[in-house]
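Working through the structure, step by step
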Amino acid sequence: MKSQDIRAKFLDFFKSKQHEIVPSAPMVLKNDPTLMFTNAGMVPFKEFFLGNSTSKNGRVSDSQKCLRVSGKHNDLEEVGYDTYHHTMFEMLGNWSFGDYFKKEAIAWAWELLTEVYKVDKDILYVTVFEGDESDGTKMDQEAYDIWKQYIAEDRILMGNKKDNFWEMGEQGPCGPCSEIHVDIRSAEEKAKVDGKSLVNEDHPQVVEIWNLVFMQYNRKADGSLVELPAKHIDTGMGFERLCMVLQGVQSNYDTDVFTPLIREIETITGTKYGKDEKIDIAIRVVADHVRAVAFAIADGQLPSNNGAGYVIRRILRRAIRYGFTFLNQKEPFIYKLVETLAYQMGGAFPEIRKQNTLVHNVIKEEETSFLRTLDQGLLLLDQVIATTNGKTVSGKRAFELYDTYGFPLDLTQLIAREKGYEINEEEFNAGMKAQKERSRAASASETGDWVTLLDDDVEEFIGYDILTTNVKLTRYRKV
Ligand code: ATP
Ligand code: MG
Ligand code: MG
Ligand code: MG
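A brief structural summary. (Residues numbered from 1 in each chain as written. Chains lettered and ligands numbered in written order. Predicted model: local features only at pLDDT ≥ 70, side-chain atom pairs only at ≥ 80, totals over all residues. Heavy atoms only, no water.)

This part is about the packing of helix α9 (residues 277-298) against helix α13 (residues 356-386). Contact geometry of α9 with α13 gives a least axis separation of 9 Å together with a crossing angle of 120 degrees. The angle between α9 and α13 places the two elements in the oblique class. Two packed elements cross with a definite hand, and for α9 against α13 that hand is right-handed. Of α13, the residues touching α9 (which contributes Val290, Val293, Ala294, Ile297 and Ala298) are Leu358, Val359, Val362 and Ile363. Class assignment of the residues belonging to the contact of α9 with α13 gives a composition of 9 nonpolar, no polar and no charged. (Axes fitted to C-alpha atoms, helices over the stretch in contact; angles between N-to-C directions. Helix = DSSP H or I, 4+ residues; strand = E, 2+ residues; numbered from the N terminus. Parallel < 35°, antiparallel > 145°, perpendicular 65-115°, else oblique. Left-handed = near helix turned anticlockwise from the far one by under 90°. Contact = heavy atoms within 4.5 Å. Nonpolar A, V, L, I, M, F, W, Y, C, P; charged D, E, K, R; others polar.)

On to the layout of surface pockets, then. Of the voids in this model, the second largest pocket is the one considered here, and its volume is about 1,300 Å³. Residue lining of the second largest pocket: 44 residues in total, with Arg68, His73, His85, Glu179 and Glu208 positioned closest to the centre. In terms of residue count, the dominant contributor to the lining of the second largest pocket is strand β10 (residues 206-219) (7 residues). (1 Å grid on protein atoms, 1.4 Å probe; cavity = no way out; pocket = protein on both sides within 12 Å on 5 of 7 lines; lining within 4 Å. Points joined across faces, edges and corners; volume = space filled by probe spheres on them.)

Where helix α11 (residues 338-345) contacts α13, the two axes come as close as 10 Å, and the packing angle between them is 145 degrees. Considering the relative orientation of α11 and α13, their crossing is right-handed. The segment α11 lies against α13, with Val338, Glu339 and Ala342 engaging Asn356, Val359, His360 and Ile363.

Turning to the nonpolar core, a few remarks are in order. Core analysis: the biggest nonpolar cluster contains 120 residues, and Trp147, Trp210, Ile334 and Ile363 have the highest contact counts within it. Of the residues forming this core, the biggest block, 14 residues, is contributed by α9. If we ignore the near neighbours within four places in the chain, the residues touching Ile334 are Val286, Val290, Leu316, Ala319, Ile320, Ile363 and Glu367. Listed in part, the 18 residues of the second largest apolar core include Val60, Trp166, Cys177 and Val213. (Core = buried A, V, L, I, M, F, W, Y, C linked by side-chain atoms within 4.5 Å. Buried < 20%, exposed > 50% of the residue type's maximum accessible area, 1.4 Å probe, protein only.)

In this section: the site of ligand 1. Taken together, 15 residues lie near ligand 1, and Asp75, His85, His86, Glu208 and Asn211 sit nearest. Within the contact set of ligand 1, an oxygen atom lies 2.9 Å away from a side-chain nitrogen or oxygen of Arg68. In this structure, His85 approaches ligand 1 through a side-chain N or O atom, which is 2.7 Å from an oxygen atom. Isolated, ligand 1 exposes 580 Å² of accessible area, and the fraction of that covered by the protein chains is 84%. In a pocket analysis with a 2 Å cut-off to the grid points, ligand 1 is assigned to the second largest pocket. Of all the secondary-structure elements, those providing two or more residues to the shell around ligand 1 are β5 (88-97), β10 and β11 (225-238). (Near = heavy atom within 4 Å. Polar contact = N/O pair within 3.5 Å; in protein donor to acceptor, adjacent residues only side chain to side chain. Areas by Shrake-Rupley, 256 points an atom, 1.4 Å probe, with all protein chains shown as cover. Sits in = over half its atoms within 2 Å of the grid points.)

On the protein side, the magnesium ion (ligand 4) has Glu179 (OE) and Glu208 (OE) as donor atoms, found 2.2 to 2.3 Å from it. Separating the magnesium ion (ligand 4) from the magnesium ion (ligand 3) is a distance of 3.3 Å, and Glu208 supplies a donor atom to each of them. Note that Glu179 is positioned in strand β9 (residues 172-183) and Glu208 in strand β10, a separation of 29 residues in sequence. A residue is classified by how much of its surface remains accessible, and Glu179, at 4% relative accessible area, is buried. (Donors = N, O, S within 2.8 Å, 3.2 Å for Na, K, Ca; no water.)

Below, the discussion takes up the environment of Ile297. Inspection of the secondary structure puts Ile297 in helix α9. Ile297 gets classed as buried once you look at its relative accessible area, which sits at 0%. Separated by 274 residues in sequence, Ile297 and Pro23 have C-alpha atoms that sit 18 Å apart. Residue contacts for Ile297: discarding those within four places in its chain leaves Leu302, Pro303, Leu358, Val359, Val362 and Ile363.

On to the pattern of salt bridges. Scanning the model with the defined rule gives 26 salt bridges in all. Notably, a salt bridge pairs Arg219 with Asp135, separated by 2.9 Å at the nearest N-O pair. You can see Arg219 sitting in strand β10 and its partner Asp135 sitting in the loop between β6 (124-129) and α4 (141-147), a full 84 residues away along the chain. This pair shows no difference in class: Arg219 is buried, exactly as Asp135 is. A salt bridge links Glu422 to Arg417; the shortest N-O distance between them is 3.8 Å. We classify Glu422 as partly exposed; its relative accessible area is 41%. (Salt bridge = Lys/Arg side-chain N within 4 Å of Asp/Glu carboxyl O.)

In this section: the packing of aromatic side chains. Inspection of every chain in the model, using the stated rule, returns 20 aromatic pairs. Aromatic side chains Tyr322 and Phe326 sit 5.7 Å apart centroid to centroid with 35 degrees between the ring planes, which places their arrangement in the tilted category. On the criterion of helical spacing, the pair formed by Tyr322 and Phe326 is a turn pair, its members being 4 residues apart in helix α10 (residues 307-326). We classify Tyr322 as buried; its relative accessible area is 5%. Sitting over the ring of Tyr421, Lys391 keeps its end group 4.3 Å from the ring centre. (Phe/Tyr/Trp six-rings, centres within 6.5 Å; stacked < 30°, edge-to-face > 60°. Lys NZ or Arg CZ within 6 Å of the ring centre and 35° of its normal.)

Below, the discussion takes up the state of the cysteines. The term disulfide refers to a covalent linkage connecting the sulfur atoms of a pair of cysteines. Taken as a whole and assessed by the stated rule, the structure comprises 0 disulfides. We note that Cys66 lacks a disulfide partner, and the nearest cysteine sulfur, in Cys243, lies 15 Å from it. (Disulfide = S-S within 2.5 Å.)

Considering the arrangement of structural elements, one finds Asp280 in helix α9. Contacts of Asp280, omitting those with residues within four sequence positions, involve Lys272, Tyr273, Gly274 and Lys275.

Turning our eyes to something else, we now look at unusual backbone geometry. The phi torsion at Gln18 lies on the positive side, around 60 degrees, for a residue other than glycine. Structurally, Gln18 can be placed in the loop between α1 (3-16) and β1 (20-21). The exposed category is assigned to Gln18, whose relative accessible area is 54%.

Right, here's the structure in full:
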């Protein structure tokens, strides 16, 4: 089944259960002082859960563009190294705002997976909240009793507060959740660990696909829980992971969500995916990051030197760096993928086609200027090495390279090592620590699903010189 059909089937299914199908909200949030990016499907609906506003329709379903690169949900460093965490991904979701509750949410999740998508029941596991005496939360017996009508009891696993209790923040709506996991290991692989369940053990073929959150409590300021008068359902299923299961492959990157991008990267860079782990990681990083950056730009968020724009710039630079180091790309190349991406995703997300030219130009310009910086940094590193006595390069100088040219330690190490030098890591880390302390006061303090952005000494972004008919680009001045 093609990914397009998988997405459509999800929405059709919930439409048949009287849900209103709504388009994805933007991935970049403009008017929320507490959060930079939509990091879960429920974000656009949080006012309903907080009771500040009421929904016209008690049942809603969509596929939401999410980005997990900051705050409570930050998967950036995983991306490329594993095969199932992305920066940007789609979260398929169905919601009940004070309408149906656990019975229907579980029954429908089961029906969709096993009857519509025809997932083999023998690869499914579910988890149920085990309770936590320390704060008075009880085991979710109700969910357990519903699940056991569908699935063998030895496939219902108990989960702790970290994995199976969802809270919006220190206060507010919260409740237990049940997660659905798949185990797509081969029979031989399973035999190796003697039938042991590897749920929540970071195994690339034993992954969580769907989280069903049962919002039934309100946590008060004193920490106590009261039952909510109207209970809500919030579910989120990773679209790319679902595609992996339904397309019978072992990695999200082997689904048709990613293969067109990967083929294109292979062609442009003259590499081959699946032969060398280092190259594979780099290819995954590029394929993942171009999506995040392109969709952010299509939402109107340009790379810049502060706030959300800086996060986007860092993601793109990470991709450039992996391309530079492992795919031997010394000239801009990531922008060339935008066409393929627009073709692949434009049906479900028209903005990516509409903003194609802008996205293409912005990425190209960013690549050009960062590669220039990399070149300058390389020259500087050569000078540093030339003046180094012995074989250990000063960590202080390596930190300067990082601070001024965005040269991360691993890149500096890599280049230095090629010339037979090491970097004094302790010195580098000391510089890093001092810088973190300096910036702590001026940066975001993030506690829950929402971050609180403190007023910060805003470094202004001087805009791009790109003309586009679609987006008005404001140029800022230093204040
Ligand atoms: P995981 O434990 O795998 O990190 P999670 O528990 O953090 O996932 P949830 O917050 O429950 O994820 O989000 C709902 C669903 O979204 C998950 O079940 C998963 O399928 C998907 N998902 C979460 N994070 C990512 C990601 N970084 N990339 C792709 N899919 C993701
Ligand atoms: Mg996670
Ligand atoms: Mg999880
Ligand atoms: Mg989860």
